[in-house]
Amino acid sequence: MKQYLLSVVEPEGPIPPPEFLEKVMQRVAAVEKDLKNAGGWVFAGGLHPPSTATVVRYREGEWFTTDGPFAEGKEHIGGFVVIRAPDLDAALEWARRYAQAITLPIEVRPFRWEH
Amino acid sequence: MSVSASDIDRVFREQYGRAVAVLVRVFGDIDVAEEAVQDAFTAAMQHWPSSGMPPSPAGWIITTARNRAIDRLRREASREERHAQAAADAAEEEPPEEDAVRDDLLRLIFTCCHPALAPAAQVALTLRLVGGLTTPEIARAFLLPEQTMAQRLVRAKAKIRDAKIPYRLPVEADLDARLRAVLAVVYLVFNEGYVSSGGGRLGRDDLCAEAIRLGRVLCGLYEKTAHEPEVLGLLALMLLIESRRASRTSADGTLVRLAEQDRSRWDQALIVEGLAIVRKCLRRNRPGPYQIQAAIQAVHSDAPSAVDTDWSQIVELYDQLLSVEPTPIVALNRAVALAEVQGPQAALALVDRLDLDAYYLLHSIRADLLRRLGRNAEAVLAYGAAMARTENPAERALLRRNIEALGGATV
């Protein structure tokens, strides 16, 4: 079994209204239930917006701490799920279901290694 | 019987992809498979001229490649446990049956054309692994530096391995979409060879031949299945377009449009084969985009001269195509046919509504229509707009000639 990171590609802009988000969360919960039943669920989380991010760098013996995301962009990672799947086709199938539930694009990346 | 280099080359062309396909399944590693098959052909070059062609050249290549791969993996086994296991598994396997080889070849084609790979990578991988073209050959065909093409192939193979793109036939629910992607890759290869065949760029005609060969392989793989008509349609489409190669460019490399071509130079053997396939598709009555496009080409092939072309039938076929493939490119081609039935004014009205500004042919077609309406100044501007949007030397030569014929100046 391989592990894949499924990231939710969120556009910049205001957060959708709670009624909308509630429906999204219900649909996500349904996918998550199926994923757990199939033995593919590892870990999931939703993130605060990039404006809450802090970047730490180490350069020539000194620490630098700066505000903001590492790279500004029109899109950012809004949340993610780590899944276990036999191959990319299986991972893509779960990504399709998440994309349908969340109505946002999902990026699928294989893990190189894991602990 | 003596075996010549061209005999071995023929076996290479026919068997390379099949051998790689079997070995990828056996060893689960594309690089191992490629290297082993290349080793086997090197061995064939050494042995066959003196020993003669073996009774089953394909079987000989696959068995030799398998043994070479096992030897290599055993040598490297102390370093890599995974390879040791693969070698042990492979050593126990029987030589594959013909049906199994066909399934392996399909697996390989579907892996090369997996939607998780960029279209350019799909094309490169298919030519490399299925067609057996070398990296320099593919780079030359696509006018790219060898390094760029090598990187593209390495990255694609790394993605297959690291993301674990499965070596498997698509599930039934995905088969339609996945086969469409495969046919699109084959047609892309063909078009790449066709569009650039003028302008003295040697070696690119091979892409057309390679695409037709891949088309034939797919026809064999899908014979008597529900998917056969579209696969046949693609083959017929390519054959009918290819039949006009000799008349497509003049001696100085300028493109000659269909209406001006010397039809006596069309390849009758390809036309006969293409038309027979189109008729076979009509009997099956399961139309799809490639079959309809082939039928359109068949109407042209049937016409003894440009003026004898049954344009209303072509417009009807474009209507049908537009209903299954509602793209602006199809609408543009339909407008060209419509100009022959309803006149250039009606066609121009359609063309002007299309959102295809970046496409040189839109401007070139617009210019032709304007010229036919006597609006020469606008036609010159439109030919200029077309020239600004294509790098192809044969196309540019034709556009320049058109501008000069209208008394316009070209840079």
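Residues numbered from 1 in each chain as written. Chains lettered and ligands numbered in written order. Predicted model: local features only at pLDDT ≥ 70, side-chain atom pairs only at ≥ 80, totals over all residues. Heavy atoms only, no water.

1. Side note on the overall build of chain B
Alright, step 1. Within chain B one finds 20 helices and zero strands.
Alright, step 2. On C-alpha atoms alone, chain B measures out to a radius of gyration of 24 Å, which is about the 22 Å that the 2.2 N^0.38 rule sets for 411 residues.
Alright, step 3. Split into buried and exposed, the 411 residues of chain B put 50% on the buried side.
Alright, step 4. Nonlocal contacts in chain B, meaning residues at least 24 apart in sequence, comprise 63% of its contacts between residues at least 6 apart.
Alright, step 5. Put simply, chain B shows about 19,400 Å² of open surface, and 52% of that area lies on carbon and sulfur atoms. (Helix = DSSP H or I, 4+ residues; strand = E, 2+ residues; numbered from the N terminus. Rg over C-alpha atoms; globule rule 2.2 N^0.38 Å. Buried < 20%, exposed > 50% of the residue type's maximum accessible area, 1.4 Å probe, protein only. Contact = heavy atoms within 4.5 Å. Areas by Shrake-Rupley, 256 points an atom, 1.4 Å probe, with all protein chains shown as cover.)

2. Observations concerning the interface of chain A and chain B
Alright, step 1. Residue-level contacts link nine residues of chain A with ten residues of chain B.
Alright, step 2. With both chains or domains summed, chain A and chain B bury close to 740 Å², and 49% of this area falls on carbon and sulfur atoms.
Alright, step 3. Its largest share of buried area at the contact with chain B, chain A owes to A:D87, A:L88 and A:D89, together 56% of the area lost on that side.
Alright, step 4. Between chain A and chain B we count three salt bridges in total.
Alright, step 5. Across the pair B:R168 and A:D89 runs a salt bridge, and its minimum N-O distance is 3.8 Å.
Alright, step 6. The tally of links from chain A across to chain B stands at six residue pairs in polar contact (both at pLDDT 80 or more).
Alright, step 7. Among the elements of the structure, strand 1 (2–11) and helix 2 (88–102) of chain A are those that each provide at least two residues to the side of chain A that touches chain B. (Buried area = accessible area lost by both parts, 1.4 Å probe. Salt bridge = Lys/Arg side-chain N within 4 Å of Asp/Glu carboxyl O. Polar contact = N/O pair within 3.5 Å; in protein donor to acceptor, adjacent residues only side chain to side chain.)

3. Structural notes on helix 14 (residues 289–302) of chain B
All names here are of chain B.
Alright, step 1. Its 14 residues give helix 14 an end-to-end C-alpha distance of 20 Å, which sits within 8% of 20 Å, the value for a rise of 1.5 Å per residue.
Alright, step 2. Along helix 14, twelve of the 14 residues are buried, which leaves the element largely enclosed by surrounding structure.
Alright, step 3. Residues of helix 14 that are buried include every one of Y290, Q291, I292, Q293, A294, A295, I296, Q297, A298, V299, H300 and S301, and no others. (Expected span 1.5 Å × (residues − 1).)

4. Some details on the nonpolar core
General note: in soluble globular proteins, nonpolar side chains tend to be found buried as a group.
Alright, step 1. In this structure, A:L6, A:I83, A:Y98, B:L23, B:F27, B:L218 and B:Y222 are the most contacted members of the largest nonpolar core, which totals 127 residues.
Alright, step 2. Of all the elements, helix 1 (residues 5–27) of chain B adds the most residues to this core, at eleven residues.
Alright, step 3. Leaving out residues up to four positions away in the same chain, A:I83 has contacts with A:K2, A:Q3, A:Y4, A:L6, A:L35, A:G40, A:V42, A:A91 and A:W94.
Alright, step 4. B:L332, B:L370, B:L399 and B:I403 belong to the second largest nonpolar core, which has 21 residues in total. (Core = buried A, V, L, I, M, F, W, Y, C linked by side-chain atoms within 4.5 Å.)

5. A closer look at the confidence of the model for chain A
Alright, step 1. This prediction gives chain A a mean pLDDT of 94; 100% of its residues lie at or above 70.
Alright, step 2. Per-element confidence in chain A ranges from a low mean pLDDT of 90 for strand 4 (residues 62–67) of chain A to a high of 98 for strand 6 (residues 106–110) of chain A. (pLDDT = per-residue confidence, 0-100.)

6. Brief notes about the side chain of A:D87
Alright, step 1. With respect to the helices and strands, A:D87 occurs in the loop between strand 5 (75–85) and helix 2.
Alright, step 2. Engagement of the side chain of A:D87 in a polar contact is seen with the backbone nitrogen of A:A90, the distance being 3.0 Å.
Alright, step 3. Polar contacts involving the side chain of A:D87 include one to the side chain of B:R168, which spans 2.9 Å.
Alright, step 4. For A:D87, the residues in contact, after removing those within four places along its chain, are A:Y4, B:K164, B:P166 and B:R168.

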